[in-house]
Structure formats: structure tokens, C-alpha cells
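Commentary on secondary and tertiary structure
Chain by chain, the residues:
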Amino acid sequence: SASGASVVAIDNKIEQAMDLVKNHLMYAVREEVEILKEQIKELAEKNNQLERENYLLKNLASPEQLEKFQSRIPTDVLHGQSELPGAPCGSALGRAEPLPLNHNGPPL
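Since the model is a prediction, treat every value here as computed from it, not as a measurement. (Residues numbered from 1 in each chain as written. Predicted model: local features only at pLDDT ≥ 70, side-chain atom pairs only at ≥ 80, totals over all residues. Heavy atoms only, no water.)

Another point: the overall build of the chain. Secondary structure assignment for the chain yields three helices and zero strands. The secondary structure elements of the chain, listed N-terminal to C-terminal, are α-α-α. Here the chain, with 108 residues, has 8% of them falling under the buried criterion. Across the chain, the fraction of contacts at a sequence separation of at least 24, relative to all contacts at a separation of at least 6, is 46%. (Helix = DSSP H or I, 4+ residues; strand = E, 2+ residues; numbered from the N terminus. Buried < 20%, exposed > 50% of the residue type's maximum accessible area, 1.4 Å probe, protein only. Contact = heavy atoms within 4.5 Å.)

Take a look at the structure:
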């Protein structure tokens with residue numbers, strides 16, 4: 001019966017160690033998720049800012065300026081196969097889609 005008690009004690013220690021590891025992992029994962037959520041939020045804000053800027057620049061540019069600019073962009077970039085670092089595939093380059101406007105006039 002003494003050996004049975006030591007097996008139970010060892011099992012309890014293993015279970016405690018596993019719980020401790022699980023708690024540490026869950027904490028690390030939660031921390032990483034929070035960091036990633038913040039990065040996603042910052043990137044979404046930056047994307048919105050760049051989309052507004054792109055919209056304004058395209059609306060302020062003359063057709064000649066737009067044509068000259070678009071002629072300098074490699075065709076694979078215009079078709080969603082971006083070679084620009086950090087530019088997503090299918091980016092808004094070459095498209096002048098209007099953004100929603102608020103009641104004051106400038107894009108949201």
C-alpha cells in the first residue's frame with residue numbers, strides 16, 4: 001500500500017506540473033493575442049488612412065497625371081501580383097473606388 005500511495009503522489013505532482021505548464025502557456029498565448037490584436041488595429045487604421053490619401057490624391061490629380069503615374073507601375077502590380085514590399089495582393093493600386101463620405105464631405 002505504500003507503493004500505491006507513492007504512485008498517487010507522483011501522479012498528483014505530474015498533474016500539478018501539467019496544470020502549471022498549461023497556465024503558463026495560456027497566459028503566453030493570451031498575451032500574444034493581445035499584441036496581435038493591437039497590431040491589427042494599428043494596421044487597419046494605417047490602411048484606412050492610406051485609402052483616404054489615395055482617394056484624395058486620385059481625385060486631385062489630373063487625368064494626365066494619373067495616366068503618367070499608372071504607366072510607371074508594373075502591370076503585375078496592377079493585376080494583384082504585387083512586387084512592392086508590404087503591399088497586399090489585389091491592392092487598390094490603379095482603382096479609384098469612392099470611399100464613403102461623412103456629412104462634412106471628406107472621406108471617413
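Before going further, it helps to spend a moment on the pattern of salt bridges. Per the counting criterion, the structure on display carries one salt bridge. Note that Lys37 is salt-bridged to Glu34, the shortest N-O span being 4.0 Å. Highlighted residues: Lys37 and Glu34, both in helix 1 (residues 2-60), separated by three residues, approximately one helical turn. (Salt bridge = Lys/Arg side-chain N within 4 Å of Asp/Glu carboxyl O.)

Moving on, we get to the UniProt feature "coiled-coil region" (unreviewed entry) in the chain. Residues annotated by UniProt as "coiled-coil region" (unreviewed entry) correspond here to residues 26-60. The distance separating the terminal C-alpha atoms of residues 26-60 is 51 Å; by composition the span is 100% helix and 0% strand. (UniProt positions renumbered as here; feature names shortened; annotations may be inferred.)

Model confidence for the chain is summarised by a mean pLDDT of 79, while 67% of its residues fall at 70 or above. Helix 3 (residues 75-78) is the least confidently modelled element of the chain, averaging 64 in pLDDT, while helix 1 averages 95, the highest of any element. (pLDDT = per-residue confidence, 0-100.)

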